[in-house]
Amino acid sequence: QVGLRHYAAKNYTQAVIWFRKAAEGEHPQSQFNLGQCYNNGEGVTKDHVQAVFWYRKAAEQGDIAAQFNLGTCYREGQGVTNDHVQAVFWYRKAAEQGLVYAQFNLGNMYTDGEGVTKIMYKPCFGIVRQPIKDMHQHNLTLVHAIVKV
């Protein structure tokens, strides 16, 4: 909580100190937050390798945002060697927990054949309302039908 208050006040150096204390105690949200600080260069020198290190620690404990960000790092080769198989692995973890952005990126990777066997699809005209976790809003998602080609 203290780290988040410092972060909200844009006192990033103090936020990093508090995030690190909690992150070293295996607190996944703090590990993710510390990864974000390294990724964005807030309170520390920008360091994508360190960002990946902290994202991975949080992702392995099930942090959905860290799983998504780790997937993105692997997909873009940011802080790690570009590895689409690993990107799919981490996007799938987040997608299975309901993160719409991960579902979207995972679908694109299947469509493009990145790290997986390419699957062709054709769009349908339906729309699904999918609740966003911990929010009372809904996200509209286009429905796609998978077809054999």
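These numbers were taken from a predicted model, which means no experiment stands behind them. (Residues numbered from 1 in each chain as written. Predicted model: local features only at pLDDT ≥ 70, side-chain atom pairs only at ≥ 80, totals over all residues. Heavy atoms only, no water.)

### Some details on the side chain of R75
The topology assignment puts R75 in helix α5 (residues 64-76). Polar side-chain contacts of R75 include one of 2.8 Å to the side chain of E114. Setting aside chain neighbours within four positions, we find R75 in contact with N82, H84, A87, Y91, N105, N108, M109, D112 and E114. (Helix = DSSP H or I, 4+ residues; strand = E, 2+ residues; numbered from the N terminus. Polar contact = N/O pair within 3.5 Å; in protein donor to acceptor, adjacent residues only side chain to side chain. Contact = heavy atoms within 4.5 Å.)

### Here we look at the nonpolar core
By size, the foremost hydrophobic cluster in this structure holds 31 residues, and its most contacted members are L34, Y38, Y55, L70, Y74 and Y91. Elements with a contribution of two residues or more to this core: α2 (12-24), α3 (28-40), α4 (48-59), α5, α6 (84-96) and α7 (100-112). Leaving out residues up to four positions away in the same chain, L34 has contacts with V16, F19, R20, A23 and W54. (Core = buried A, V, L, I, M, F, W, Y, C linked by side-chain atoms within 4.5 Å. Buried < 20%, exposed > 50% of the residue type's maximum accessible area, 1.4 Å probe, protein only.)

### Quick notes on the confidence of the model for the protein
Confidence in the prediction for the protein averages 84 pLDDT; 79% of positions are at 70 or higher. Per-element averaging of pLDDT across the protein places strand β2 (residues 138-146) at the bottom with 39 and α4 at the top with 98. Confidence drops under a pLDDT of 50 for residues 122-129, and excluding neighbours within four residues, the segment shows 21 contacts in the predicted structure. For the stretch residues 131-149, pLDDT sits under 50, and the model shows 39 contacts to residues farther than four places along the chain or on other chains. (pLDDT = per-residue confidence, 0-100.)

### Thoughts on the packing of aromatic side chains
This model, assessed by the stated rule, comprises six aromatic pairs. Ring centres 4.9 Å apart and planes at 90° place the aromatic pair F89 and W90 in the edge-to-face group. One aromatic cluster is present, built from ring pairs that chain together Y7, Y12 and F19. The ring of W18 has K21 sitting right over it, with the charged end atom 4.4 Å from the ring centre. (Phe/Tyr/Trp six-rings, centres within 6.5 Å; stacked < 30°, edge-to-face > 60°. Lys NZ or Arg CZ within 6 Å of the ring centre and 35° of its normal.)

### Describing α6
Compared with the 18 Å implied by 1.5 Å per residue over 13 residues, the 18 Å span of α6 between its first and last C-alpha is a close match. Buried residues of α6: A87, V88, W90, Y91, A94 and A95, and no others. Buried residues along α6 sit against α4, α5 and α7. Of the residues that open α6, the one with a side-chain oxygen 3.1 Å from the backbone nitrogen of V85 is D83. Backbone geometry just downstream of α6 places G98 in the positive-phi region, at approximately 100°. (Expected span 1.5 Å × (residues − 1).)

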